Amino acid sequence: MHRRLAIFTYKVLVNTNPIPITTATSTTLLYSQCNPLNPRTNGFAFFRLLSFTPGHRRAQDPDDPSNLMKEDGVSVCSQMWIENFREPDRIVSNLTTYLRRFELWVLAYQKVCADDMGAYMPRSAIQRSALEDLLALRNAVLDNRFKWGARLDFLIKSPKDKTDYQSLSKRKIKAILTTTQPAAFQDKIVQEVLFMILEPIYEARFSQKSFAFRPGRNAHTVLRVIRRNFAGYLWYIKGDFSTILDGMKVGLVISALMRDVRDKKVIDLIKAALTTPVITSRMEEPKKKTKRKYQKKRVLAEDEPKPDPYWLDTFFGFAPEEAEKIPSWGHCGILSPLLANICLDELDQWMEGKLKEFYRPSKSDVIWNSPEGEAEQGNTSWPEFVPTSGPDKTRKMDYVRYGGHILIGVRGPRADAATLRKQLIEFVDQKYMLKVDNESLPIEHITKGIMFLDHVLCRRVVYPTLRYTATGGKIISEKGVGTLLSVTASLKQCIKQFRKLNFLKGDRDPDPQPCFRMFHATQSHTNAQMNKFLSTMVEWFRYADNRKKIVNFCSYIIRGSLAKLYAAKYKLRSRAKVYKIGSRNLSRPLKEKKGSSPDYHNLLRMGLAESIDGLQYTRMSLVPETDYTPFPSNWIPDHEKALLEYISLDDPKTLEDQRCSIRKQGLVSSQDYISMLVWNYKRNAIAMDQLSLIKSGGNNTEKEQQLLLGSDKDTYDQKSKEEEEHEDGFDVAEI
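Not measured: the values here are computed from a predicted model.

> Sorry if this is basic, but what is going on with the pairing of strand E3 (residues 405-411) here?
Taken residue by residue, a regular strand's side chains alternate between the two faces of the sheet. Of all 7 residues in E3, 7 are buried; the element is thus mostly enclosed. Neither face of E3 is open: one carries His405, Leu407, Gly409 and Arg411, the other Ile406, Ile408 and Val410, and all of them are buried. When strand E1 (residues 235-240) meets E3, the two strands line up antiparallel, connected through 6 bridges. Looking across to E3, one finds that Gly239 is bridged to Ile406. Here strand E2 (residues 396-402) pairs with E3 via 7 bridges, running antiparallel. Following the sheet pairing, Tyr399 is matched in E3 by Ile408. Between E2 and E3, which pair antiparallel and follow one another directly, the connecting turn spans 2 residues, one of which, Gly403, has a positive phi of 70°.

Dropping the structure here:
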């Protein structure tokens, strides 16, 4: 038996691959211990060999990209947001550790690919060659070998870029080097990585008074803040500092950046992006018009982005003046808006200090009578019954900034507003080297109407009847005076935007013009495009007091423009005939096929006609009401609220405070109650006689409830002894 086992073991050892051992001594020792022909070995040598684990395992390749992705990129970003919101005032001096995290580079690659190709690429779909190129890009950034604005030498290219730059002709190479080109794919990846690292740092530090180029904040947030906080202000200062968004001196940008970030590698990267010249093509002289020859229509490739739909292009034409300019500094790309907010944050902090200095509460004020001026004793968007002038008037000021445009509301004399304007001019001159005069910072009264974000801020004076109970229980009714802030969409600005898009002509009596850009589109496609545009307009004017009126006007202009287009396209001569055939909302087909029944509903039911959506909001009653949802005074976006709540719950001090509060109030938390039930069940249910529980039947439930509520065997024994003693004593007394 042992002979057979030894022969079998020898054959297995000969046929199996040898285990690599580093030194010859260890090989000899292993063979001497495991050789089945050696008489000094026992029968378990084979099993000892199979259970042998080599001491020197193969080390992981540090250049393998798959070994560097130890964590998900989203979790790394989340941890950065949590750390910065937990300690918002600390000076960040080591960002290179995050710059080394390969997970962030993979996440940036996925985001840039989504923007470039129009589809999200999961991590499993990224090819090995792309990961190796991405790792080479990261190492080049860490070793200071990366150069912004490269035109021909790329470390990584877009998946859809199939150009062989080595085989290009000299003419094409010269054209690439001398003409304006979009940002390189690798530049976008580096910009995205820097943005992911820097955004959580500064979002935890930015003022709550700035709303542009920030997550969770938009123009609607500004309008709601104005409606909530700017009621009762008489004087307004509007400022246009949008020239700062065109560019600033590199030294000013870097000094603003180094207030909170002291990492040399990140600072040098951004400085190089600002100082590297951007190559732009020269303005060529317009060529003479020649007779147009026949050109074959170019067919778009499958992965080529399609042109913007008409409604989206039209809506961007309606962008307010405050939102038209987006900063683009050097090779910073998406970092430019963040850098602009970093520079303008000093203005926000300076203005917040002025707000505290200016505040003077009045005892007779119903709303603003707390030391901080933020008492929730009334809603400032409704009438406030306080003196509008005189010594008892509360002096207060508020401020908002959207991009490079600021709005300051002053409750007080005009002289205070003039003093503030003078100080603001000096601050902007010293800090940003921007020359501003009084004309560019006008002081306007609320009665003239203040234009901001295509909405007009005006005041309505109301005289409501006040009823209150005097001494003795007598009810007194008297008329009071209050002011109501109105946020109204500007009809004049809307007409201006429509005229710019060639939808109408004239100012006082606007006349719709046909939109010939949709001439070759079908009726259903044209109506669908315009419905999307109208839906966007309804959402944009959501918080305007005249939402119904302004949307109904937009619907009238678009409907008249389409009617004129259809009249010219189908040769119907007039709008009246178009409305007669296509109905009021243009939902019926204006041109029917020959030989088909004129009944559109039967054709639609049989599938012989194309479904046409009628225009929306053709009547004012169909337009939704204005959204007057109350806005909190200290509002913050949902993502910041979730971060702060998570940090608070993660702090052990919060949990201890909650437990102390529960004990003081004599309450029991749900977790403690469940643990008490489980513990009492484990301690008492096993000791009980299961047979007696089955026999007792209906009386079982009461005992089980007592067990779950905390009664144990000792309490039952103690009660039984007391009952027996009580019965004995009763018998003795009777005797």
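On we go.
> Is there a simple way to explain a nonpolar patch on the surface in this structure?
Among the surface-exposed residues, Val668, Tyr673, Ile674, Met676 and Val678 lie close enough to one another that they form a single nonpolar patch of about 450 Å² accessible area. Structurally, the position occupied by Val668 is in the loop between helix H24 (652-664) and helix H25 (670-684). Judged by its relative accessible area of 58%, Val668 is exposed.

> Mind showing me how you'd approach the packing of aromatic side chains here?
Given two aromatic rings, one states the distance between the centres and the angle between the planes to describe the pair. Scanning the model with the defined rule gives 18 aromatic pairs in all. With a centroid separation of 5.9 Å and 15° between ring planes, the pair formed by Trp81 and Phe85 is classed as stacked. A residue pair is termed a helical-turn pair when its members lie 3 or 4 positions apart in one helix, as Trp81 and Phe85 do in helix H5 (residues 73-86) at 4 residues. Given a relative accessible area of 15%, Trp81 falls into the buried group. For Phe85, a relative accessible area of 11% translates into the label buried. Ring centres 6.1 Å apart and planes at 20° place the aromatic pair Phe230 and Tyr236 in the stacked group. Tyr236 shares its class with Phe230; the two are buried.

> Sorry if this is basic, but what is going on with helix H14 (residues 264-275) here?
What sets the pattern is the α-helix's 3.6 residues per turn: residues three or four places apart point alike. Along its 12 residues, H14 runs 16 Å from first to last C-alpha, staying within 8% of the 16 Å computed at 1.5 Å per residue. Residues Lys265, Val266, Ile267, Leu269, Ile270, Ala273 and Leu274 constitute the buried set of H14. For H14, the elements touching its buried residues are helix H6 (96-100), helix H8 (128-142), helix H10 (185-203), helix H13 (250-257) and helix H16 (335-358). Regarding H14, its N-cap is Asp263, as a side-chain oxygen of that residue lies 3.2 Å from the backbone nitrogen of Lys265 further along.

> Would you mind showing me how to read the pairing of strand E8 (residues 475-479) here?
Relative to E8, strand E7 (residues 465-469) runs antiparallel, the two sharing 5 bridges. Counterpart to Tyr468 in the pairing with E8 is Ile476.

> Got a minute to help me understand the environment of Lys431 in this structure?
In this structure, Lys431 sits in helix H17 (residues 414-432). Overall, Lys431 belongs to the partly exposed group, its relative accessible area being 34%. With 85 residues separating them in the primary sequence, Lys431 and Glu346 have C-alpha atoms 8.6 Å apart. What Lys431 contacts, discounting residues up to four positions off in sequence, is Leu252 and Glu346. A polar side-chain atom of Lys431 sits 3.0 Å from a polar atom in the side chain of Glu346.

> How do you make sense of the pattern of salt bridges when you look at a structure like this?
Side-chain pairs of opposite charge can arise where the charged atoms are in close proximity. All told, the structure shown has 28 salt bridges when counted by the stated rule. In this structure, the salt-bridge partner of Arg128 is Glu132, at a minimum N-O distance of 3.2 Å. Of this pair, Arg128 and Glu132 both sit in helix H8, 4 residues apart, which is roughly one turn of the helix. The class of Arg128 is partly exposed, set by a relative accessible area of 47%. Residue class for Glu132 comes out partly exposed when judged on its relative accessible area of 39%. A salt bridge links Arg214 to Glu640, with the shortest nitrogen-to-oxygen separation between them at 3.9 Å. Here Arg214, found in the loop between H10 and helix H11 (219-229), pairs with Glu640, found in helix H23 (residues 638-650); they are 426 residues apart in sequence, far enough to count as distant.

Rules and cut-offs
- Residue positions are given per chain, counting from 1 as you read along its sequence in written order.
- Selection of residues for local features in this predicted model requires a pLDDT of at least 70, selection of side-chain atom pairs for listing and counting requires 80 or more, and totals for whole chains, interfaces and linings are taken over all residues.
- Remark: hydrogens and water are excluded; side-chain values derive from all non-hydrogen atoms of the structure.
- Relative accessibility thresholds used throughout: buried, under 20% of the residue-type maximum; exposed, over 50%; partly exposed, between the two (1.4 Å probe, protein chains only).
- Only DSSP runs of H or I reaching four residues or more are called helices, and only runs of E reaching two or more are called strands; each is numbered from the N terminus.
- Strand pairing follows a simple DSSP-based rule, namely that at least 2 bridges must link the two strands.
- To count toward a patch, a residue needs a relative accessible area over 30% and no salt bridge; like charges are then connected within 9 Å, while nonpolar side chains (Val, Leu, Ile, Met, Phe, Trp, Tyr) are connected within 5 Å.
- Shrake-Rupley sampling with a 1.4 Å probe provides the accessible areas, and residues are treated as covered by the protein chains on show and by no other component.
- Whenever a carboxyl oxygen of Asp or Glu lies within 4 Å of a side-chain nitrogen of Lys or Arg, that contact is scored as a salt bridge.
- Stacked, tilted and edge-to-face pairs are distinguished by plane angle, under 30 degrees for stacked and over 60 for edge-to-face with tilted covering the rest, among Phe, Tyr and Trp rings (Trp via its six-membered ring) whose centres lie within 6.5 Å.
- The length a helix should cover is 1.5 Å for every residue beyond the first.
- Contacts are residue-level and defined by heavy atoms, with any inter-residue pair within 4.5 Å sufficient.
- Here a polar contact is taken to be a pair of N or O atoms separated by no more than 3.5 Å, where protein atoms must pair a possible hydrogen donor with a possible acceptor and residues adjacent in sequence count only if both atoms sit in side chains.

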